[in-house]
Structure formats: C-alpha cells, structure tokens
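Breakdown of the fold
If you want the building blocks of each chain, they are given just below.
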Amino acid sequence: MNLSNKPLEKLNVLSFKGVQMRTFHITWLTFFACFFGWFGLAPLMPTIREDLGLTKAQVGNTVIAAVSATIFARLLIGRLCDIWGPRKTYTALLVIGSIPVMLVGLANDYTSFLLFRLAIGIIGASFVITQYHTTTMFAPKIKGTANAVAGGWGNLGGGVTLMVMPLIFAAIVGAGYTKHDAWRYAMIVPGVMLLVMAVIYYFFTQDTPAGNFSEINRKRESKKFSWAVLADWRVWALAFAYAVCFGMEITFDGVATLHFVDSFKLDQSSAGFWAGVFGGMNLFARAVGGIIADKVGNKYGMKGKGWLLGIVLALEGLGLVLFSQANTLGFAIVAMLTFAMFLKMANGTTYAIVPFINQKHVGTVAGIVGAGGNVGGMLFGFLFKAESITYAQAFMYIGAIVTVVALIVFLTRFDKVAQPETAAQTAGAI
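Rules of the game
Residues numbered from 1 in each chain as written. Predicted model: local features only at pLDDT ≥ 70, side-chain atom pairs only at ≥ 80, totals over all residues. Heavy atoms only, no water. Core = buried A, V, L, I, M, F, W, Y, C linked by side-chain atoms within 4.5 Å. Buried < 20%, exposed > 50% of the residue type's maximum accessible area, 1.4 Å probe, protein only. Helix = DSSP H or I, 4+ residues; strand = E, 2+ residues; numbered from the N terminus. Contact = heavy atoms within 4.5 Å. Lys, Arg positive; Asp, Glu negative; His and termini not counted. Salt bridge = Lys/Arg side-chain N within 4 Å of Asp/Glu carboxyl O. Polar contact = N/O pair within 3.5 Å; in protein donor to acceptor, adjacent residues only side chain to side chain. pLDDT = per-residue confidence, 0-100.

Across soluble globular proteins, nonpolar side chains show a tendency to be buried alongside one another. Ile48, Phe113, Phe252, Leu309, Leu313 and Phe395 are the most contacted members of the largest nonpolar core, which has 130 residues in total. Here this core takes 17 residues from helix α12 (residues 233–264), the largest share from any one element. Setting aside anything within four residues of it in sequence, one finds Phe113 in contact with Leu41, Met45, Ile48, Leu52, Leu54, Thr62, Val104, Ala107 and Trp183.

Laid out in structure tokens, this is it:
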C-alpha cells in the first residue's frame, strides 16, 4: 500500500516530510497569519480610539463588526471547500482579505473604520479551511489531535499580534512618524503577510494526500448541500458550544487590551502583552483538548467526547466568573489563565467531534459550527458596547451563559447515528 497518498495515522510535528505534513505546517502557519491580520487592530485600539474620537458604544460596534462578517464567510467557505477544495479556497480568501487589512489606514472617521473592520472580518473564515484541510490529511483516530494542534497554533497568531503590533507601532513612532500615521502604516505588515502566504499555499499544498480535487475526480455528490445536516441537533449543539468558547476567545482578543488599560491603568504595550498571554496559551491548550478528546473517544466513543466537552465548558464558565471579580492585576491574570485553559481545550474538543458528525459534508458542518463561534463573538460584543454595564459585569454574564451551554452539551447524545438521507432530501439538495 502506498502510504504517501493516504491520510497519516500519526502526527509528528517535527516532520516536514510528505504532502500531509507539509500541508499541515503550511495551513497552521497561514491561519496564524490570518489571525495576525484579523486582530492586528485590537492592541492598537487605545490609540485608534483617541485618534478617531470613538465612544464606548462605537468601539463595541467595531468589535462586533470584526467578528460578524465572519459568520457568513464561514458558511460560504465551508461550501467552497467541498466544491473547489481547500487549496484554491484558501488562496482566494488570502488575496481578498489582504486588501482591507492594508487599506484600513485610509479610515479617517468612525463610519469608514467600522466598514474596514467589517471587511477584515472575512479573514476569520480561514479557520474552516484549516480544519477542513487538516481533516483530509489525517486518519480518523488522530483527526482531533491534528485539528486541535493546527487550530491552536493558528489561533496563537491572535496572541502574538496583541504583543507584536504595539512594538511595530512603537518602532514606527520611533522612526519619526506621528501616532496618527503609525497605526495605519503598522497594518501594512499583516497585509503583506497574507499575500505571501497566498503564494505559498497555492504552490506548496494540495487538497488531499491523493491529489487536488480536479486530479482525483472528486464525486459531485459532495458538492450538494444536504438539508439533513440542518436537521441534526448535534450540529447545533456544537455550534452553541463553539459560540461560547471560540466566540469568547475572539471577543476577549478584541477587548482585552482596553480592559487592562481602563481597569488596571496599564499602558498600551503592557496591556497588549498580558492580552497576548491569553492568546499565547494556544501554543498548547487547544492541542491538549484535542489529544484528550481523541484518547477519550478511542475508549468511550462519541459519548465520551461529548461529556468531556461539557466538563471543560463548565470549567470555562467558572473561570470567567472568577475573572469578572478580579480587583487586582495579579488575580485577574491568574483567573484569565484559568478560563483560557479550559476555553481553548473546549475549542480543541469541539473540532475533535466535528469531523465525525456527517462525513459526507465535513465542510458544511465545519462551516456551520465555525460560524456559531462568530455568532457568539458578535452577541457577546453587544454586552461590551452597552453603556449601562462594565466590562467586568459583561464577563460575569458570559460566564453564566457558558455554564448553561455546558448543560445543553451534557444532554446531547453525540453517539447518535446520523439518519440516512431520504430520497426527498436528496432530491431537495442544492
């Protein structure tokens, strides 16, 4: 048997041999660059807020805009992965997404800045492609681990950008430019990164171990949308779960710097550093969730994975409540690391389940669940724009919501076998 064109059964992160591992490393690195561009503005918001004269509500609206466009983009991207393949889909997204990232510096008022942040939000759909592409490269028993490591290392870009973008900004100011110009020029850096990764992705990856979709005559049935996907409650339970774990992650990436500046009186660089520590936990925490989920799944099946997801979500909710009560920076950091660990484990556990819900429509399921994450981020954003509640109160409310979703996940039977599509459903596929 030729193993070079088969999904791998082991993940050796130190290996770059074969199309599977080459694609694995390129896809997580590309996702890293996408996160860098997606949240490049977040650590600069104290300066941007002052420069554009933004109110709390307007800042909240820009946070919502940054994640809301991704909802629709993820739904579309999941379908395009099934049709075009991940290689062409990722290349197109990178080229298109680089444009608003590099041009956001042209914004001179609230409205134009809001529209640019909305446009930049489409980059968040990169996650669906990363998970889809990793799924095609690895065997079932290791999919959860591979997806979690790729997703976690890619999400790491959100933490790194919170640390690095203030340094790029400071370097530009140090070169003699004003703060008004510095944050605008700084965003050119992630835009160029996206274009570079587009070239690399197109020429150095392929859709599956056996070849690109166009080369292996992929069956046309996989291009059809099945209404049976929407009728499967497990898809929606996972979407709820992802709404409160990944949704909270991207919300925190967007508001953390401002929260540390306003609540603990840190300067922009220091606040960006601590906010970046939250994202930095993706180096291992999401992978831990995927690895444990695979081990639990091998022993207890899908039911065990569901229970694991419910547990880590409940612990995330508790950690968020503790963070909301923090009165000192030290306690806030400890509480942040606590809820961050379980939040990112929940991310990894969710996508250790996703590939097994409907294996004929992996892209569509991944897109729906991924979009759920951004719906959560968008809805949480409304709490942070409200003038009547503080950021700390918003974190407490979200902690309670996460706990409720954990209960829903506990009650969901993930070991249920999906019903076969009926003739009517097949005829109604679009």
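Picking up where we left off.
Further remarks concern unusual backbone geometry. Here Lys265, not a glycine, exhibits a phi torsion of approximately 60°, which is positive. With respect to the helices and strands, Lys265 occurs in the loop between α12 and α13 (268–280).

Let us look at the side chain of Arg286. Turning to its location among the elements, Arg286 is positioned in helix α14 (residues 285–324). Buried and unpaired, Arg286 has no salt bridge, with Glu249 as the nearest side chain of opposite charge at 5.1 Å. At 3.1 Å, the side chain of Arg286 and the side chain of Tyr242 are in polar contact.

Once that is clear, we can look at the confidence of the model for the chain. Mean pLDDT over the chain works out to 91, with 93% of the residues at or above the 70 mark. Across the chain, the element-wise mean pLDDT spans from 32 in helix α18 (residues 423–427) up to 98 in helix α9 (residues 188–204). Contacts of residues 419–430 to residues separated by more than four positions or lying in other chains number 14 contacts, the stretch itself having pLDDT below 50.

Here the focus is the side chain of Ser98. Along the chain, Ser98 falls in helix α4 (residues 86–103). Discounting residues that sit within four places of it in the chain, Ser98 has contacts with Gly191, Leu194 and Leu195.

A separate point is the pattern of salt bridges. All told, the structure shown has six salt bridges when counted by the stated rule. A salt bridge links Arg49 to Asp262; its shortest N-O distance comes to 3.3 Å. You can see Arg49 sitting in helix α2 (residues 45–52) and its partner Asp262 sitting in helix α12, a full 213 residues away along the chain. Judged by relative accessible area, Arg49 falls into the partly exposed class, the value being 25%. Given the relative accessible area of 36%, Asp262 is considered partly exposed. Measuring nitrogen to oxygen at the nearest pair gives 3.7 Å for the salt bridge that ties Asp415 to Arg413.

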